[in-house]
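Residues per chain are reported as follows:
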Amino acid sequence: MYGEAFGLYILEALALEVPVIQPNQAAFPELIEATGGGVLYDPAQPNALADAIELLAFDPKRIAELGKAGRTAVFQRFDINIMARQFADVCAVCAGKS
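Cut-offs and rules
- Residues numbered from 1 in each chain as written.
- Predicted model: local features only at pLDDT ≥ 70, side-chain atom pairs only at ≥ 80, totals over all residues.
- Heavy atoms only, no water.
- Helix = DSSP H or I, 4+ residues; strand = E, 2+ residues; numbered from the N terminus.
- Buried < 20%, exposed > 50% of the residue type's maximum accessible area, 1.4 Å probe, protein only.
- Contact = heavy atoms within 4.5 Å.
- Pairing = 2+ DSSP bridges.
- Right-handed = clockwise from strand over helix to strand, strands pointing away.
- Core = buried A, V, L, I, M, F, W, Y, C linked by side-chain atoms within 4.5 Å.
- Expected span 1.5 Å × (residues − 1).
- Arc of directions from axis to C-beta.

Focus: the environment of A73
With respect to the secondary-structure elements, A73 resides in helix α4 (residues 60-77). When its relative accessible area of 7% is taken as the criterion, A73 is described as buried. The spacing of A73 and L8 is 65 residues in sequence and 14 Å in space, taken between C-alpha atoms. When sequence neighbours within four positions are dropped, the list of residues in contact with A73 reads A34, T35 and F78.

This is the structure:
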């Protein structure tokens, strides 16, 4: 098994206020922490995914809260203009111009 490098599809879901349930590995913990738009489960535990789904399925208020938090974070932290500016800053540092 290999880990997802980033998870752009997660940001796309969160931008639409759809909370996500992801395994606690690869880039997923970082994305969930940065956005607050989902929950993590332990992929080594046989029932963990089902438990996470059940946790949200019966808690519409939590679904709404995670969805709003995710959408807000995506537009505050992962907006194309913000990411382009951050990339340009990294390039400037690498080029020794900062």
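After that view of the structure, there is still more to cover.
What to know about the pairing of strand β1 (residues 20-23)
Within a regular beta strand, the side chains point alternately toward one face of the sheet and then the other, so they alternate between its two faces. Two elements, β1 and strand β2 (residues 38-41), share four bridges in a ladder whose sense is parallel. The residue of β2 that forms the bridge with I21 is V39. A crossover connection joins β1 to the parallel β2 through helix α2 (residues 28-35); in handedness this β-α-β unit is right-handed.

Examining the environment of A27
Among the structural elements, A27 can be located in the loop between β1 and α2. Sequence separation between A27 and G7 is 20 residues, and the spatial gap between their C-alpha atoms is 7.2 Å.

Focus on the nonpolar core
By size, the foremost hydrophobic cluster in this structure holds twelve residues: I10, L11, A13, L14, A15, V20, F28, L31, I32, A34, V74 and F78. Elements that contribute at least two residues to this core include exactly α1 (8-15) and α2. Considering each element in turn, this core owes the most residues, five residues, to α1. Aside from chain neighbours lying at most four places away, what touches V20 is I10, A13, L14, I32, G37, G38 and V39.

Brief notes about the side chain of T35
Its location among the elements puts T35 in helix α2. Not counting residues within four places of it along the chain, the set of residues in contact with T35 comprises L11, L14, A69, G70, A73 and F78.

Here we look at α4
With 18 residues, α4 ought to run about 26 Å at 1.5 Å a step, and its terminal C-alpha atoms sit 25 Å apart, in line with that. Turning to α4, its buried residues number three or more, namely L66, G67, G70, A73 and V74. Take α4 and look down its axis: the buried residues cluster within an arc of 140°, on one side only. Turned more than 90 degrees away from the buried face of α4 sit K61, K68 and Q76, all of them exposed. Where α4 is buried, its residues touch α1, α2, β2 and α3 (48-57).

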